[in-house]
Amino acid sequence: MSILGTRVVRTEDPVFLTRGATYTDDLTEERLTGALHLTLVRSPLAHATITSIDTSAALASPGVVAVVTGADLDITPALLFPGANKAMTRPFLATDRVRFVGEPVAAVLTEEFYQGEDAAELVDVEYEPLDVVIDPLAAARDETLLFPEAGTNTAAAYGHDEEQDASFFDGCEVVVTRDLVNQRLAAAPLETRAASAFWEGDRVTVYMSNQNAQGGRDEIAGWLGLDKEKVRVVLPDVGGGFGAKIGSDPEFALVAWLARQQGRPVRWNESRSENMTGMVQGRAQRQTVTIGGTRAGKVTHYRLDVVQDLGAYPRLGTFLPMFTRMMAPGTYDIEHVDSRAKAVVTNTTSVAAYRGAGRPEATAAIERAMDLFAAEIGKDPAEVRKLNVVAPDRFPFQTKGGVEYDSGEYAKAIDLALENAGYDRLRAEQKARRESGDARQIGIGVSSYVEITGGGAFAEDASVEVHPDGSVTVLTGTSPHGQGHATAWAMLASDQLGVPIEKITVKHGDTDLVPRGGGTMGSRSLQTGGVAVHQASAELIDLAKQRAADLLEASVEDLELDPANAAITVKGVPGAKSVTLAELAAVEQLKVDTTWDGKKPTFPFGAHVCVVEVDTESGKVTVEKIIAVDDAGPILNPLLCDGQRHGGIAQGIAQALLEEVMYDEEGQPLTGTFADYGIPSAAELPSFDLVEMTTPTPVNPMGYKGIGEAGTIGSTPATQSAVIDALSHLGVTHIDMPLTPMRVWEAINAAQEASE
């Protein structure tokens, strides 16, 4: 029986649960002995000119080896997002102007870590405050410019057709529009950003916490003006990423530059408050949805307008609206779809990817629009969704977002979720509570979603080698930070080779060992890296048959793998002579390098139903139940799959109800610590009801799609819809996320006042 599809316990966990992980700051690498410690002096103002920097007092502080300012650097900063206005380049250390609270202004190097904070406080920086803009809608008006030389705060604009504005919805019987907020979120990984670097001659090794060693290497090499062969990047254990650790940060290149300048290794590890103000954040979209159709429930027109907040410097957030526009129609077959976006800079922390990266924003918008449309025509929101989803016989389906969906059964997913939720019973209970005037009302939210996975990075490398002792080494260009790749890739190799997974070692995250790779992001790993490992293992068996043919005096076509013994034997001949893979490896290296290229993304999908109870007297929301149908094709390991779904659903509920990065009007962060930023614990979440459904993709031979972000995409709109549904009989039609008790209470009272 194949090991694939079975619930194999993670091979990574014993070390994590006993010795513990080895993160970047835990490294005891001998070549880091005597390392200097970097502490960054950060701006306390969101927008100001720098009039002077006096480092003399800091230099006289105990343990201080050097204090470096931007004027001391001989490396030229590069745009953090290619294609943005060149005037919007972020310096490694600010020299003339700061643009967000927490922007690095100077670097203090000390012998001991504890000496850095005291010395940093002695760096005297004089600032001249400037006007601050934190609202992206205000930033788009260009009244306060972050980069006067650019002449605008707009870094990118996509897809505006003014000629369609007036006539687009002509002929619709019903048109509904609403402004929405998809709020800014902090990734808040367990491990904050960290890096260490040392030089050997003209070559630097950088250890860092990151999601893609190879991409990080290329960025650091570019910043330092080096050939990429002169940079080695190694990723130790990585304590979470969620998209915020895609690519390198300028601080990583600064660590490497300082190590070269000082002739000594340098280490850097930021504090939690630094992470909350300095690490890239997510979402941060202002949206306007307009939806039109017939009173019978058919949606014929949909428009999505997006203003993307980029923070102070354009990073990957500049690209997020493209994903949002691409996935704007969601699971629906809508004849006319229009989407436009503008990306603007503000005096806040830069925005990049966060679990789902543009796709959750698209789903949140279309799902809110479908609820508004259903309410306007007086029909059940689940039925309206089923009426409008793409039919199974339409696949592959070319969407009005410009992509081709590979496979799907969207209505079936909705039906499965409704059935497992007991939808009719819930509606009956809701009706009874409303009629009784109960202070605790229940709400039912339904969402249907589709996402794109593996988008933009379809190929991945893998290497599989059998050693003379029978063990196997797998090299992969994917880079895990909690997903369980060591287990999953070992299962794929074991299935092909017949070698037990305990004898298979998976290695990753070292650019000397694996020079090419796409890393782990965008739910790409299994459908690219996993399929590559499966392909390499199959190719290794083919190679082994060729090597064994002479030894067994048989043709290659007459040989097969004996999986029970990891050996090559003659087909259909009981007791025939055989040769093990280990024996072949003892004669000559038995190794295969391969590249899998799917050439296109896949489109997992699903439906979620969320049930909440809302205390109408206090505004408190309790999630009672969430039913999730997440179809990502065949499941390699249900344990790993469920873990990804659990984490995604938790983060989706958190966005809907709790999390929001906030600033005051001067650009000062109001959520700079975990004491201020609302992250749920297990106590705030229900048990999740996970429903299985399998629709393979034709894009790869395994049928696999991505699962890492699915739970986040489906659960957020389902939870938001559930809360609004609980209060709809009171006149509440919309509440922006997060639906905190205060915000819910205010919406209830506003609706009551409007009805009086």
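Since the model is a prediction, treat every value here as computed from it, not as a measurement.

Asks: Is there a simple way to think about the overall build of the protein in this case?
Replies: A tally of regular secondary structure across the protein gives 19 helices and 28 strands. Rg of the C-alpha trace for the protein: 28 Å, near the compact-globule value of 27 Å for 756 residues, within the 12% margin. Put simply, of all contacts in the protein between residues at least 6 apart along the chain, 79% involve residues at least 24 apart. On the protein, roughly 28,400 Å² of surface is accessible, and the fraction owed to carbon and sulfur atoms is 50%. Each charge class in the protein was averaged separately, 63 positive and 107 negative side chains, and the resulting centres sit 3 Å apart.

Asks: Help me understand the pattern of salt bridges in this model?
Replies: Where charged atoms from two side chains of opposite charge come close, those side chains can pair. All chains considered together, the criterion is met by 48 salt bridges. Between R31 and E200 there is a salt bridge, and its shortest N-O distance comes to 3.1 Å. In this pair, R31 sits in the loop between helix 1 (13-17) and strand 1 (36-42) while E200 sits in strand 9 (residues 194-200), placing the two residues 169 residues apart along the sequence. On the basis of relative accessibility, which here comes to 35%, the residue R31 falls in the partly exposed class. Linking R440 and E613 is a salt bridge whose minimum nitrogen-to-oxygen distance equals 3.6 Å. Note that R440 is positioned in strand 18 (residues 440-450) and E613 in strand 26 (residues 605-615), a separation of 173 residues in sequence. Overall, R440 belongs to the partly exposed group, its relative accessible area being 41%. By relative accessible area, E613 is classed as buried at 15%.

Asks: What should I look at first to understand the packing of helix 6 (residues 213-224) against helix 7 (residues 250-262) in this one?
Replies: The axes of two packed helices give the description: the angle between them and the distance between them. Two numbers describe how helix 6 lies on helix 7: the axes approach to 9 Å, and their chain directions differ by 60 degrees. Judged on the interaxial angle alone, helix 7 and helix 6 are oblique. The crossing of helix 6 and helix 7 is right-handed. Across from I220, W223 and L224 in helix 6, the residues of helix 7 making contact are P250, F252, A253, A256 and W257. Class assignment for the residues of the contact of helix 6 with helix 7 results in eight nonpolar, no polar and no charged.

Asks: Teacher, can you tell me more about the pairing of strand 5 (residues 104-110) here?
Replies: Put simply, side chains in a regular strand alternate between the two faces of the sheet. Most of strand 5 sits inside the fold, with seven of its seven residues counted as buried. Here five bridges tie strand 3 (residues 64-69) to strand 5, and the two strands are oriented antiparallel to one another. If you follow V68 over to strand 5, its bridge partner there is A107.

Asks: Which parts of the structure should I look at to understand the environment of D415?
Replies: Here D415 lies in helix 12 (residues 410-421). Judged by its relative accessible area of 33%, D415 is partly exposed. Each C-alpha atom of the pair D415 and N269 lies 48 Å from the other, and the pair is 146 residues apart in sequence.

What counts and what doesn't
- Residues numbered from 1 in each chain as written.
- Predicted model: local features only at pLDDT ≥ 70, side-chain atom pairs only at ≥ 80, totals over all residues.
- Heavy atoms only, no water.
- Helix = DSSP H or I, 4+ residues; strand = E, 2+ residues; numbered from the N terminus.
- Rg over C-alpha atoms; globule rule 2.2 N^0.38 Å.
- Contact = heavy atoms within 4.5 Å.
- Areas by Shrake-Rupley, 256 points an atom, 1.4 Å probe, with all protein chains shown as cover.
- Lys, Arg positive; Asp, Glu negative; His and termini not counted.
- Charge placed at Lys NZ, Arg CZ, Asp CG, Glu CD.
- Salt bridge = Lys/Arg side-chain N within 4 Å of Asp/Glu carboxyl O.
- Buried < 20%, exposed > 50% of the residue type's maximum accessible area, 1.4 Å probe, protein only.
- Axes fitted to C-alpha atoms, helices over the stretch in contact; angles between N-to-C directions.
- Parallel < 35°, antiparallel > 145°, perpendicular 65-115°, else oblique.
- Left-handed = near helix turned anticlockwise from the far one by under 90°.
- Nonpolar A, V, L, I, M, F, W, Y, C, P; charged D, E, K, R; others polar.
- Pairing = 2+ DSSP bridges.

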